[in-house]
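Structural characterization, general
So you can see what is in the structure, the chains are spelled out below.
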Amino acid sequence: MNLTLRVWRQKNAHTPGEFREYEATGIVPDMSFLEMLDVVNEGLIARGGEPIAFDSDCREGICGTCSLVINGIPHGGQRGTTACQLHMRHFKDGDRITIEPWRARAFPVLRDLVVDRSPFDRIVQSGGFVSVNTGQAVDANCLPVPKDDSDLAMDAAQCIGCGACVAACKNASAMLFVAAKVSHLNLLPQGKAEKDRRALNMVKAMDEAGFGNCSVTGSCEAVCPKEISLDFIARMNRDYAAALLKGKFHAKAQAAGG
Amino acid sequence: MKLDAKIPSGPLERKWERYQLEMKLVNPANKRKFDVIVVGSGLAGASAAASLAELGYKVKCFCFQDSPRRAHSIAAQGGINAAKNYQNDGDSVYRLFYDTIKGGDFRAREGNVYRLAQVSAGIIDQCVAQGVPFAREYGGLLANRSFGGAQVSRTFYARGQTGQQLLLGAYQALSRQIGLGNVKMFPRTEMLDLVLIDGHAKGIVVRDLVTGEISSHAGDAVVLATGGYGNVFYLSTNARGCNVTATYRAFKRGAVFANPCYTQIHPTCIPVSGDHQSKLTLMSESLRNDGRVWVPKKRDDKRPSQEIPETERDYYLERKYPSYGNLAPRDISSRAAKEACDDGRGVGPGGLGVYLDFADAIKRVSEPVIRERYGNLFDMYEKITGENAYQTPMRIYPAVHYTMGGLWVDYNLMSNVPGLFVIGEANFSDHGANRLGASALMQGLADGYFILPYTISNYFASNKQTKAKADQTEFKKVEAEVSVRTNKFLAIEGKRTVTSFHRELGKLLWDKCGMARDEAGLKEALQKIPALREEFWRNVKVTGGSGSLNQDLEQAGRVADYLEFAELLCLDALIRRESCGGHFRTEFQTEEGEALRDDANFSFVSAWEFQGTDQPPMLHKEPLVYEELKMSQRSYK
């Protein structure tokens, strides 16, 4: 099939970008969306042009590197699917497809469709871990974890950190990403000791990185390739509120000379 | 050059413990004086960087991805082995050791493998403490599953995303150290060369993939955790960015490369659908716990699977290997699939596929149970093929998956270049000629969490160190070489794209040095590779500039290295005139078509030393000494 692509081209973070049109010819239904872009790029290089820069790595939906807004929807709108796993059989001959990078103030464009998602790393650095050094662990089975808790933690832990939630949100909020990590660790007994600090620190880091607030539209959940539930945001809000309250008590105790 | 593996003396089960006592330590207050460079942030790199920083070393960690969380360890699906014996089914350190040595077709070192089995249990403890949500039973205790090449259930898993969860555990530990200021992280930064001063590894030259800037970083030791070279075949289950550049550059600076011909072809991948294919996708080996592999008994049987009656199906793994059945090791299962397809009994387009059928398992335990065990894999299969594997059998075919070969290391995980350590898939040490399923995650984390932190201290404490600085002439010289090479790609202005060369090289290797190899084919490849390389340097077309983000330029550098490395791979396959594990020479097989080893002549590690461009590399042999086990013919019948 033959398609017309409208692609965002931008030289670097400091130069304004623009949409340009490309014809994609000879596309077959078994190609993934990124393989279709590979074909377009091969053609561009052959004609002496610069290929469209886009991020991808594992191409099997787990590394979270690919980051395309396709026809206005991050990852293209197939439920639970990353752009690399989106196949051309979902498009029709003659389709006109618009391809943009993640758009969010906290994710500046580096080139074309490539953005800088390092704020996600900084959020994790602020508290998305259990403080346990190598060698300090006790036997893995000495602390039973109810299967339901473990399964729910796994639902949250599945997040691939792609940033589609931010790209879909009209406020460019990172709440789903942060809530997934806070919930994953706060649900497990191993993460309990740092539960309050984690919620407070990660939310603070998120705010400092320039992400917007959550107004619970649910667009993040709708585009999440791992279908991470909005419920985790509610769960994080509860952990956050509890931590704030407990923090107030600590402060009083200290003021009283405790 | 004499390669000394430095395996400690004494009984196998006490070697590591005794060695730990003999190794020299660095005083906690002195650790902060040592700078360690870690290249790669997968399971091995991230776990090493985090553990070294926890100890007090100053660490710089580099990765080409946009975040350390994206390394390809993340794609490992099935699980991680550990000798916990939680299932009371007779597992032990010794049994894991034995299975790994046998699985590797008696081509790995006993000492290294035994140590791996010993530290395996601690890995599970560590990961659980980090919050890795392994699968659990209703009692709250950890669940296990079985994997190929083992008759016990020792594999721990997190749905079909075990690698992801383990990597996130290591990434979180690394992130904590970054936050504490003990690790400085350099994402989107690719190592392009190694710098030696007075024969010691003292730093690296890197390219910032966003700005194109080339710079140097000095350290007291360099740790390569840069993964395998499967992408030399173009199509593999590796991520697109995986490459041989870091290890190959180290090879060109004097590190010897061991067993490059040991490549693992994984039996259960989604078949190729066309020329546009950019990578192959694995379907976890764990599926073989419940799926049955079969092909029609008749040749060219074009009927849909459900119309082929039970009596006309050949469940060839169950038939040929009754005691292991569908859980025969990877090399054996792959070859059996190839045999069936070569015999004209393959299924799907081009006859390059076999069925992996879940109908019996669904009847036995119900569809919801299968969905819970493998749901995400079935979903992935449907996304790629458009077929529902709950209703029709999956079609699978072998694909390049893992490389057992890598830079040669001794028991300290240090290469022959002092100060250059190599961990994870990038080294050659533990899997012999074939890796068992769920052992890559185990090895990567064993190296990073529990082995390297000890052995690197020993290196620092027993070698008088002189601090290197990144503005020394040795660094400037290498920086200049890297710049010249980078600009050369842009100056060629030929007619063919980088990908077209890579694809041609990959096809050549797959045909001549893939699942089955022979002398004539290897010789042919060894003639064609230099010609292709010559054409590359004359006719490649790389557009754009060097001072900005240029993915085509990045790829050109990697493919240029593959075009040299491929020759080393074929040469190693040519001189190894025996079949073992993933290396199958058609001239050397038993009457039943199984791999025929030649222990009298080939029980050695082949380690290749670079001799200069356009010079054949020199072969060194490290004899494999078996003190505990007797080398025997592997049987899974």
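Residues numbered from 1 in each chain as written. Chains lettered and ligands numbered in written order. Predicted model: local features only at pLDDT ≥ 70, side-chain atom pairs only at ≥ 80, totals over all residues. Heavy atoms only, no water.

Comments concerning the sheet that holds strand β2 (residues 18-24) of chain A
Residues and elements named next belong to chain A. Applied cut-off: Paired strands, as defined in this entry, are two strands with at least two bridges between them according to DSSP. Strands are runs of DSSP state E lasting at least 2 residues, helices are runs of H or I lasting at least 4, and numbering of each runs from the N terminus.
The strand order β2-β1-β5-β3-β4 describes an open sheet built from five strands, whose pairing is mixed. The open sheet has two edge strands, β2 and β4 (73-74), and neither has a second partner. Where strand β3 (residues 68-70) lies against strand β5 (residues 96-101), three bridges are found, and the strand directions are antiparallel. Paired with Val-69 across the bridge in β5 is Glu-100.

Looking at the pairing of strand β9 (residues 221-224) of chain B
Residues and elements named next belong to chain B. Here is the rule we go by: A 1.4 Å probe rolled over the protein chains alone gives each residue an accessible area, and that area as a share of the maximum for its type sets the label: buried under 20%, exposed over 50%, partly exposed in between.
Burial along β9 is two-sided: the residues Ala-221 and Val-223 and Val-222 and Leu-224 are all buried. Summarising the sheet, strand β1 (residues 35-39) and β9 pair through four bridges and their orientation is parallel. Looking at β9, one finds that Val-36 is bridged to Ala-221.

Comments concerning the nonpolar core
Put simply, the rule reads: The definition of a nonpolar core used throughout is a set of buried Ala, Val, Leu, Ile, Met, Phe, Trp, Tyr and Cys residues joined through side-chain atoms within 4.5 Å. Only heavy atoms enter the contact rule, under which two residues are in contact if any of them lie within 4.5 Å.
Ranked by size, the top nonpolar core spans 234 residues in total, and within it Ile-80, Phe-134, Val-232, Met-394, Leu-420 and Ile-456 of chain B carry the most contacts. It is helix α16 (residues 551-575) of chain B that provides the largest number of residues to this core, a total of 13 residues. Apart from the residues lying within four places of it in its own chain, the contact partners of Leu-420 of chain B are Leu-194, Ala-201, Val-222, Leu-224, Ala-250, Ala-255, Leu-413, Met-414 and Ser-415 of chain B. Counting 27 residues, the second largest nonpolar core, distinct from the first, contains Met-36, Val-40, Leu-68 and Leu-86 of chain A.

A word on the packing of aromatic side chains
All names here are of chain B. Worth spelling out the cut-off: Any Phe, Tyr or Trp ring, taking Trp's six-membered ring, that has another such ring centre within 6.5 Å forms a pair; planes under 30 degrees apart are called stacked, those over 60 apart edge-to-face, and the others tilted. Charges are assigned to positions over rings by a cutoff of 6 Å between ring centre and Lys NZ or Arg CZ, combined with an angular limit of 35 degrees from the ring normal.
Counted according to the given criterion, the structure contains 40 aromatic pairs over all chains. With centroids separated by 5.6 Å and ring planes inclined at 85°, the aromatic side chains of Phe-536 and Trp-537 adopt a geometry described as edge-to-face. Residue Phe-536 is classed as buried on the basis of its relative accessible area of 0%. Residue Trp-537 is classed as partly exposed on the basis of its relative accessible area of 24%. These aromatic residues form a ring-pair network of at least three members: Tyr-229, Tyr-248, Phe-251, Phe-257, Phe-565 and Phe-610. Across from the ring centre of Phe-501, 4.1 Å away, lies the NZ or CZ of Arg-496, which sits over that ring.

Here's the deal with the interface of chain A and chain B
Stated precisely, the cut-off is as follows: A carboxyl oxygen of Asp or Glu within 4 Å of a side-chain nitrogen of Lys or Arg is what we treat as a salt bridge. Throughout this description, a polar contact denotes any pair of N or O atoms lying within 3.5 Å of each other; where both atoms belong to protein, one of them has to be capable of donating a hydrogen while the other can accept it, and for residues adjacent in sequence the pair is counted only when both atoms sit in side chains. In the scheme used here, Gly and all other residues not listed as nonpolar or charged are polar, with Ala, Val, Leu, Ile, Met, Phe, Trp, Tyr, Cys and Pro taken as nonpolar and Asp, Glu, Lys and Arg as charged.
Each side of the interface is counted separately: chain A has 76 residues, and chain B has 77 residues. Scanning the region where chain A abuts chain B turns up seven salt bridges. In this structure, the salt-bridge partner of Arg-240 of chain B is Asp-38 of chain A, at a minimum N-O distance of 3.8 Å. Linking chain A with chain B are 47 residue pairs in polar contact (both at pLDDT 80 or more), by the criterion used here. Among the secondary structure elements, those contributing two or more residues to the side of chain A that touches chain B are α1 (33-46), β6 (109-111), β7 (114-115), α2 (118-125), α3 (147-157) and α5 (175-187) of chain A. Ranked by the residues each element gives to the side of chain A that touches chain B, the list is headed by α3 of chain A, at six residues. Among the residues making up the side of chain A that touches chain B, the classes are represented as 34 nonpolar, 22 polar and 20 charged.

Some points on the domain arrangement of chain A
Residue and element names in this part refer to chain A. Note the following rule: Start and end positions for the domains come from either an automated domain assignment or a database one. By buried area we mean how much accessible surface two parts lose on assembly, using a 1.4 Å probe and totalling the loss over both.
Domain boundaries assigned for chain A yield domain 1 (3-111) and domain 2 (118-255). One C-alpha centre belongs to domain 1, the other to domain 2, and the line joining them spans 30 Å. Carbon and sulfur atoms supply 63% of the area that domain 1 and domain 2 bury against each other, a total of about 1400 Å² over both sides. When the area that domain 1 buries against domain 2 is broken down by residue, the three leading residues are Arg-79, Ala-106 and Phe-107, summing to 33%.

Remarks on helix α11 (residues 367-385) of chain B
Residues and elements named next belong to chain B. Which entries qualify depends on this criterion: Helix span, as expected, comes to 1.5 Å for every residue beyond the first. A residue's bend is given by the angle between axes fitted to the 7 residues ending at it and the 7 residues starting at it.
End to end, α11 covers just 20 Å across 19 residues, shorter than the expected 27 Å (1.5 Å per residue, more than 12% under). Along α11, the sharpest kink reaches roughly 85°, centred on Tyr-374. As for α11, its buried residues are in contact with α10 (359-365) and β15 (394-403). Following α11 by one or two positions, Gly-386 adopts a phi angle in the positive range, close to 75°.

A closer look at the packing of α2 of chain A against helix α6 (residues 162-179) of chain B
Our working definition: Comment: axis = line fitted to C-alpha atoms, over the contacting stretch for helices; angle = value between 0 and 180 degrees taken between N-to-C directions. Should an angle lie under 35 degrees it is considered roughly parallel, over 145 roughly antiparallel, and from 65 to 115 roughly perpendicular; all remaining angles are considered oblique.
Relative to each other, α2 of chain A and α6 of chain B sit at 85°, their axes nearing to 8 Å. Judged on the interaxial angle alone, α6 of chain B and α2 of chain A are roughly perpendicular. On α6 of chain B, the residues that touch Phe-120, Asp-121, Val-124 and Gln-125 of chain A of α2 of chain A are Tyr-171, Gln-172, Ser-175, Ile-178 and Gly-179 of chain B. Residue classes in the contact of α2 of chain A with α6 of chain B are distributed as four nonpolar, four polar and one charged.

Topic: the pattern of salt bridges
Pairs can form between side chains of opposite charge once their charged atoms are near each other. All names here are of chain B. The final tally for this structure, using the stated rule, is 79 salt bridges over all chains. The partner of Arg-330 in a salt bridge is Glu-285, with the nearest N and O atoms 2.3 Å apart. Of this pair, Arg-330 sits in helix α9 (residues 330-342) while Glu-285 sits in the loop between β11 (263-269) and β12 (292-296), placing them 45 residues apart in sequence. The exposure classification of Arg-330 matches that of Glu-285, with both residues buried. Sharing partners across several salt bridges, the network here consists of Asp-105, Arg-107, Asp-331, Arg-576, Glu-578, Arg-597, Asp-599 and Arg-634.

A closer look at the domain arrangement of chain B
Residue and element names in this part refer to chain B. Partitioning chain B into domains gives domain 1 (266-401) and domain 2 (473-604). Across the contact, 12 residues belong to domain 1 and 10 residues belong to domain 2. By the criterion of area lost to domain 2, the three top residues of domain 1 are Asp-331, Arg-335 and Lys-338, representing 50% of everything that side buries. For the pair domain 1 and domain 2, the interface holds two residue pairs in polar contact (both at pLDDT 80 or more). Among the elements of the structure, α9 and β15 are those that each provide at least two residues to the side of domain 1 that touches domain 2. Of the residues contributing to the side of domain 1 that touches domain 2, the split by class is six nonpolar, one polar and five charged.

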